[in-house]
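The residues making up each chain are set out below.
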Number of protein chains: 2
Amino acid sequence: MYTIGQVSEMFNLPISTLRYYDKEGLFPGMERQSGIRKFSERELEALRVIECLKKSGLEIKDIKQFMAWCGEGASTYPNRKELFKNRKAIVEAEMVKLQKTLDMLKFKCWYYKTAIYDGNEERLNEMLPDKLPTEIQVLYDNAHS
Amino acid sequence: MYTIGQVSEMFNLPISTLRYYDKEGLFPGMERQSGIRKFSERELEALRVIECLKKSGLEIKDIKQFMAWCGEGASTYPNRKELFKNRKAIVEAEMVKLQKTLDMLKFKCWYYKTAIYDGNEERLNEMLPDKLPTEIQVLYDNAHS
DNA sequence: CCTTGACATAAAGTTAGGTTTAGGTATTAC
DNA sequence: GTAATACCTAAACCTAACTTTATGTCAAGG
């Protein structure tokens, strides 16, 4: 059993955030001892899932729904599975987008390295959009597709 | 040369967003013809960079700074290169986090697939935290590290 | 016994990044 | 000539996810 201060340290989250999550119903049935929150292993795993679902772009109110399902037993297994399947698809799409972003950033790093070397962008402008060095062209094409 | 409506369609962005970006100084020196914005190839490339930098987590005011640098010539090449280098590091770190998120989601998919098959979580609770099938254990460990 | 520190609540405040509204201009279609 | 479109501005509005503020309780240390 942990106090809110301990959990705050463990997860590197402000105490105010933990209280906010609780108020929003993300820890249904969390124990209390004379008003003071007691975080058990169940709440810690809930927090790990909260961080995961938040990172997947899910809103607090939908995370609350998931936590409610967890308290309703086996009948909600399919709902929960479907939720994770959907979030997985969304994060996979996000990874593809982020890879494109990364390729753009790598291209721009090369671009300015070259511009600094040349002192201007003239040679670069001649190479654009399809006469770049092979490896750079791959980055450019992926970033602009 | 494109109107705001055409650019809105091309980039799938609301017109209001383009006007907001303009107001925030993200298209310095954009041409106008009797009050009406004229987007040239320069503004389209600016928009691609805006989307990239936004996705990297950069704030609008810092994107504005970058656009200002672009109008200041070769002396700001090092600033611009440094910016992209930093954003690249940030996005790479983000990718690692997102991979952990994805592994958690994959684990949970397997978890509920198994729970549905078993009808309960008893067997799963016995396997946790370190007696999972090899492939799943890898996901679980990465997600919880 | 009184101060310090950790906990509690309710309610107001904050922030970024837009979006909407209200009112106006200019061009084209019939 | 009037109706529909596409453009314009300034300013108010919106939203999610926190964060801060004001106020209070309670236990332990000196």
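Refer to the structure above for everything that follows.
Cut-off values and rules
- Residues numbered from 1 in each chain as written.
- Chains lettered and ligands numbered in written order.
- Predicted model: local features only at pLDDT ≥ 70, side-chain atom pairs only at ≥ 80, totals over all residues.
- Heavy atoms only, no water.
- Axes fitted to C-alpha atoms, helices over the stretch in contact; angles between N-to-C directions.
- Helix = DSSP H or I, 4+ residues; strand = E, 2+ residues; numbered from the N terminus.
- Parallel < 35°, antiparallel > 145°, perpendicular 65-115°, else oblique.
- Left-handed = near helix turned anticlockwise from the far one by under 90°.
- Contact = heavy atoms within 4.5 Å.
- Nonpolar A, V, L, I, M, F, W, Y, C, P; charged D, E, K, R; others polar.
- Expected span 1.5 Å × (residues − 1).
- Buried area = accessible area lost by both parts, 1.4 Å probe.
- Salt bridge = Lys/Arg side-chain N within 4 Å of Asp/Glu carboxyl O.
- Polar contact = N/O pair within 3.5 Å; in protein donor to acceptor, adjacent residues only side chain to side chain.

## Some remarks on the packing of helix α3 (residues 41–55) of chain A against helix α5 (residues 77–118) of chain B
Logical step 1: Running from amino to carboxyl end, α3(A) crosses α5(B) at an angle of 120°, the nearest separation of the two axes being 9 Å. On the basis of the axis angle, α3(A) is oblique to α5(B). As α3(A) runs across α5(B), the sense of the crossing is left-handed. Packed against α3(A), whose contacting residues are Glu45(A), Arg48(A), Val49(A), Cys52(A), Leu53(A) and Lys55(A), the element α5(B) presents Glu94(B), Lys97(B), Leu98(B), Thr101(B), Met104(B), Leu105(B) and Lys108(B) at the interface.
Logical step 2: Considered class by class, the residues forming the contact of α3(A) with α5(B) number 6 nonpolar, 1 polar and 6 charged.

## Here we look at α5(B)
Logical step 1: The first and last C-alpha atoms of α5(B) sit 61 Å apart over 42 residues, in line with the 62 Å expected at 1.5 Å per residue.
Logical step 2: Once α5(B) finishes, Gly119(B) follows within two positions and takes phi at roughly 85°, a positive value.

## Side note on the interface of chain A and chain B
Logical step 1: Counting from both sides, the interface comprises 40 residues of chain A and, opposite them, 40 residues of chain B.
Logical step 2: Taking both sides of the interface into account, the surface hidden between chain A and chain B amounts to around 3,700 Å²; carbon and sulfur atoms contribute 78%.
Logical step 3: Contact with chain B buries area across many residues of chain A, yet Lys55(A), Tyr77(A) and Tyr112(A) alone supply 18% of it, more than any other trio.
Logical step 4: Here chain A is connected to chain B by 4 salt bridges.
Logical step 5: In this assembly, chain A and chain B are joined by 10 residue pairs in polar contact (both at pLDDT 80 or more).
Logical step 6: Those elements giving two or more residues to the side of chain A that touches chain B turn out to be α3, α4 (60–70) and α5 (77–118) of chain A.
Logical step 7: It is α5(A) that contributes the most residues to the side of chain A that touches chain B, 26 residues altogether.

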